[in-house]
Amino acid sequence: MNLDRRHFLRLGMATAGAAAVAAAGFETATAAQTPAPGNSGAAGGVSGGNAGGKTMKVMTTDGQLLEVPAGQARQIKLPVLSSADIRQGIPGRRFVMMIDLAKCDGCGQCTKSCGQMHFIPPDRQWIRVFQMQDSPATAPYYMPRPCFHCDNPPCTKVCPVGATFKREDGIVLIDNERCIGCRFCMAACPFNARCFNWGPPNDPPAALAEGYSPEHGFPRRIGTAEKCDFCPDMARQGKLPDCSSGCPMGAIYYGDQNEDAVTNSQGETLRFSQTLRDRAAFRYREDLGTQPRVYYLPPVNRQYPGPDLHSKKGDQA
Amino acid sequence: MTRRSAASIPHSAASADTAEIPADLLATLGPLGRAGWCLLVGLVAIVCWGAGAYIYQLRHGLAATGMNDYFSWGLYIINYIFLIGVGMAGTLISAMLRLTGASWRRSITRLAEAITLFALLLAGPMIMIDMGRPDRFLNLLIHGRLQSPILWDVFSLNTYLAGSLLYLYLPMIPDMALLRDCSAPFAPWRRRLYRVLALGWHGDARQHRRLEKAMAIMAIIILPVAVSLHTITAWIFGLTLRPGWHSTIIGPDYVIGALYSGIAAVITVMAIFRRSFHLEKYLTADHFRKLGLLLLTLCAVYFYFTLNEYVGPSFVTETAEIPLLAHIFHGPYTVVFWSMATVGFLLPGLLLALPWTRNIPGIVTASVLVNIGMWLMRFIIVVPTLSAPYLPFPPGTHYHYVPTLVEWSITAGAFAAFGVLYLVFAKLFPIVSIWETMETEPKEATVPVAANQPAEEVLV
């Protein structure tokens, strides 16, 4: 049913009035509801003027503006995700991420892409690139850290109101409309993956226009926690998360464990389980027992200079 | 009407009691006096200042505080732990000493139980103040997850609050009757208040038996509730994967710490009332000495617990613990840590242990130092751990926690509110239990387990 979204014609107007309808987030607009007096494209007469030569402008999902006979337009209901759908997750999926540390050159493009997509204010990062060095004699490397979407998540365990929850597709999300802002989840997450909306949010109009969903985490709500959401809204469209697609090195692979395939920005698709085995993948701090859904491939045979950590010793773990 | 007539039946007994209300105890209920009013007005002003700060915080969000994504808890949580720790006072004095038959407790039980009540009354709001969305407080009921330690804490705190209120109130009933029937010139509203609160008490044997029974039951019930509250609060930290918090000893550690700071609070409040309310006869040097010894014991026990918290990690030097210990012992929190060690353990320990300083001034100084030290201890528990995450602070970032004026103002307001509540309480109700002290005085030497005796023989 999620496919419907891609194929249906979003009924919209090129006019300001209709833009407001679209901004209200709604795809349920019908030919009958759309006309506003004075619109050049839309017919003034609402009464079933199908046979007449009246046309109306509609926009396809690709952003093309078409003019179609008004009679051919019909009301389509988008599968609006109920909160139960969002809490359950995408059926049959088990999302995973695999980050190849050998490819990561610490450019920070993942953070930037993610920030743009999620309208993240400059004071926080959902995916954060750390400079690591396990011991003084070993090589330093960069380690991007999204939320690990742990299978034994310490954050959801402690939430007093179930505002943060683990879904069947493996994703840990936050319902910012339920969160009470106690920040226990932030204390519980040993990876500091969570950020907080300390002050009033300053969302751009584009963020406000999208409407809130836990699946993308904006528009922001003051006094609530937020974090990397593993982009389930992109996954529903069959797209990679922005950190992954934005990575110029192709270091971030994302996919479905059930399909046993992960893909990066270069279009390279790997067998997930076999790659884990062949390339000695690991998860960060396995000893903490949180069972992350993010795997790392060790930083071996790198083609770029690693981070110079000798000047900033304080940053080391 | 019927209540009044019922109350007037054994009036002979009641009026005999009335005559016996010691004038010095009755005097504590007299007008506030110039100094008292100055104090009250000053405290109310601080409360208003704190309330103003909170309104500012509501407007600007928690951005008005010094907290950030790494230091996600701060002064409010520190105050919360401190306040419920102080709230252990009442339980210790009124329940533990009661159950062990220490009859000398009688003149300080109410004073201690009132500390508990008001500390708890302010602890709850501290959590609310810390919440990013206090407007969604009801989500705790609507969507509450029993699996979350926060829910346990909510239930535990409220149970303890209700229990403490009850436990404060029960032994006040006979006093309310005494005040209802006494000849002191109380304002009509006040006498009405006493009459309502007296619940028709007329002090017959059956009522006394019931009261004693209720108090004995409460004394037993309140103990596990108090222990649960401190343990669960400790678990809020202990059940996370954080060095410094994730420790098996943290539950008992909080209970002992709470006892320690609770007794210190009782001694401090005792000293204030002894001086300002002229209660030297009831709050005697013996009380101070006994509580001082108790404080010394707990100083030793808590020191032992604290030692355990640091020796293991310092010896083993597990990777995750290293930055934490470094920050505490020779980093940003060194001053706070060693101040805590000095003010919280060393000085009070010396003052209480040395016979030359184990007098009222010495013991009171020690208890004031312990109060300060224990607040610093809570700072050391909460903040340094947040400064030592598993993953290092990202390059180029400088996270630190410096509480803002808003936080300090709200903190000051909360402590001032404690003072206001306490002052009003002490002016409205006898801070030293009248009937219990009257009951004790003649029999103190001979009835070590007076709590278990039917009280009518003593009082009537």
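What you see is a predicted model, and the numbers here were worked out from it, not measured in a lab.

### With respect to the overall build of chain B
In step 1: Of regular secondary structure, chain B possesses 20 helices and zero strands.
In step 2: The C-alpha radius of gyration computed for chain B amounts to 23 Å, which stays within 12% of the reference 23 Å derived for 460 residues, consistent with globular compactness.
In step 3: Across its three principal directions, the C-alpha atoms of chain B cover 80 × 50 × 45 Å.
In step 4: Burial statistics for chain B: of 460 residues in total, 47% are counted as buried.
In step 5: Here the contacts in chain B between residues at least 6 apart in sequence split such that 83% fall between residues at least 24 apart.

### Comments concerning helix H7 (residues 109-130) of chain B
In step 1: The end-to-end C-alpha separation of H7 of chain B is 32 Å, in line with the 32 Å expected for 22 residues at 1.5 Å each.
In step 2: The buried count for H7 of chain B comes to 17 of 22 residues, which makes it a mostly enclosed element.

### Let's talk about the confidence of the model for chain B
Residue and element names in this part refer to chain B.
In step 1: Within chain B, residue pLDDT values average 87, and 91% of them lie at 70 or more.
In step 2: Throughout residues 1-19 the model reports pLDDT below 50, and contacts reaching past four residues in sequence, or to other chains, amount to 21 contacts.
In step 3: Of the regions scoring below 50 in pLDDT, residues 442-460 engages in 28 contacts with residues more than four places distant in sequence or in other chains.
In step 4: Per the prediction output, this complex has pTM 0.84; the corresponding ipTM is 0.86.

### Re the interface of chain A and chain B
In step 1: Contacts between the two partners involve 39 residues from chain A, matched on the other side by 35 residues from chain B.
In step 2: For the side of chain A that touches chain B, the secondary structure elements donating two or more residues are strand S4 (128-132), helix H5 (154-158), helix H6 (184-188) and strand S8 (195-196) of chain A.
In step 3: At four residues, the largest contribution of residues to the side of chain A that touches chain B is made by H6 of chain A.
In step 4: The residue makeup of the side of chain A that touches chain B, split by class, is 22 nonpolar, eight polar and nine charged.

### Observations concerning the domain arrangement of chain B
Residue and element names in this part refer to chain B.
In step 1: Split into domains, chain B comes out as domain 1 (39-238 + 403-448) and domain 2 (240-261 + 287-388).
In step 2: Each of domain 1 and domain 2 has a C-alpha centre, and these two points are 24 Å apart.
In step 3: At the interface, 23 residues of domain 1 touch 23 residues of domain 2.
In step 4: Secondary structure elements with two or more residues in the side of domain 1 that touches domain 2: helix H5 (75-86), helix H6 (88-99) and helix H12 (205-238).
In step 5: Ranked by residues supplied to the side of domain 1 that touches domain 2, first place goes to H12 with eight residues.
In step 6: Of the residues that constitute the side of domain 1 that touches domain 2, the class distribution is 17 nonpolar, six polar and no charged.

### Some words on the nonpolar core
Residues and elements named next belong to chain B.
In step 1: The biggest cluster of nonpolar side chains holds 202 residues, and the ones touching the most others in it are Ile115, Ile263, Val266 and Leu295.
In step 2: With 16 residues, helix H17 (residues 360-386) is the single largest residue contributor to this core.
In step 3: Setting aside residues no more than four positions away along its own chain, isoleucine 263 makes contact with Ala89, Leu92, Leu291, Leu294, Leu295 and Leu298.

### Examining the environment of isoleucine 120 of chain A
Residues and elements named next belong to chain A.
In step 1: Structurally, isoleucine 120 can be placed in the loop between helix H4 (109-117) and S4.
In step 2: On the basis of neighbour counts, which here come to 22 C-beta atoms within 10 Å, the residue isoleucine 120 falls in the buried class.
In step 3: A C-alpha to C-alpha distance of 8.7 Å links isoleucine 120 and aspartate 203, two positions 83 residues apart in sequence.
In step 4: Sequence-distant contacts of isoleucine 120, defined by excluding residues within four places in its chain, comprise Cys114, Gly115, Gln125 and Trp126.

### Let's talk about the sheet that holds strand S13 (residues 294-297) of chain A
Residue and element names in this part refer to chain A.
In step 1: Spatially, the five strands line up as an open sheet ordered S12-S11-S10-S3-S13, and their pairing is mixed. The sheet terminates laterally at strand S12 (269-271) and S13, the two strands that pair on one side only. Looking at each pair of strands side by side, their axes are set apart by 25° on average, direction ignored.
In step 2: Examined bridge by bridge, strand S10 (residues 252-256) and strand S11 (residues 261-263) share three bridges and lie antiparallel to one another. If you follow glycine 255 over to S11, its bridge partner there is valine 262.

### Section: the packing of helix H9 (residues 149-169) of chain B against H12 of chain B
All names here are of chain B.
In step 1: Look at H9 against H12: their axes get within 9 Å of each other, and the N-to-C directions meet at 150°. In terms of orientation, H9 and H12 fall into the roughly antiparallel class. Relative to H12, H9 is oriented so that their crossing is left-handed. Along the contact surface, H9 presents Pro149, Ile150, Trp152, Asp153, Ser156, Leu157, Thr159, Tyr160, Gly163, Leu166 and Tyr167, while H12 presents Met218, Ile221, Ile222, Val225, Ala226, Ser228, Leu229, Ile232, Thr233, Trp235 and Ile236.

### Points about the environment of threonine 159 of chain B
All names here are of chain B.
In step 1: Within the fold, threonine 159 resides in helix H9.
In step 2: Under the C-beta neighbour-count criterion, threonine 159 is labelled partly exposed, with 16 such atoms within 10 Å.
In step 3: Distance from threonine 159 to glycine 87, taken between C-alpha atoms, is 13 Å for residues 72 residues apart in sequence.

Parameters and conventions
Residues numbered from 1 in each chain as written. Chains lettered and ligands numbered in written order. Predicted model: local features only at pLDDT ≥ 70, side-chain atom pairs only at ≥ 80, totals over all residues. Helix = DSSP H or I, 4+ residues; strand = E, 2+ residues; numbered from the N terminus. Rg over C-alpha atoms; globule rule 2.2 N^0.38 Å. Buried ≥ 20, exposed ≤ 12 C-beta atoms within 10 Å, placed from the backbone. Contact = placed C-beta atoms within 7 Å. Expected span 1.5 Å × (residues − 1). pLDDT = per-residue confidence, 0-100. Nonpolar A, V, L, I, M, F, W, Y, C, P; charged D, E, K, R; others polar. Domains from an automatic or database assignment. Core = buried A, V, L, I, M, F, W, Y, C linked by C-beta atoms within 7 Å. Pairing = 2+ DSSP bridges. Axes fitted to C-alpha atoms, helices over the stretch in contact; angles between N-to-C directions. Parallel < 35°, antiparallel > 145°, perpendicular 65-115°, else oblique. Left-handed = near helix turned anticlockwise from the far one by under 90°.

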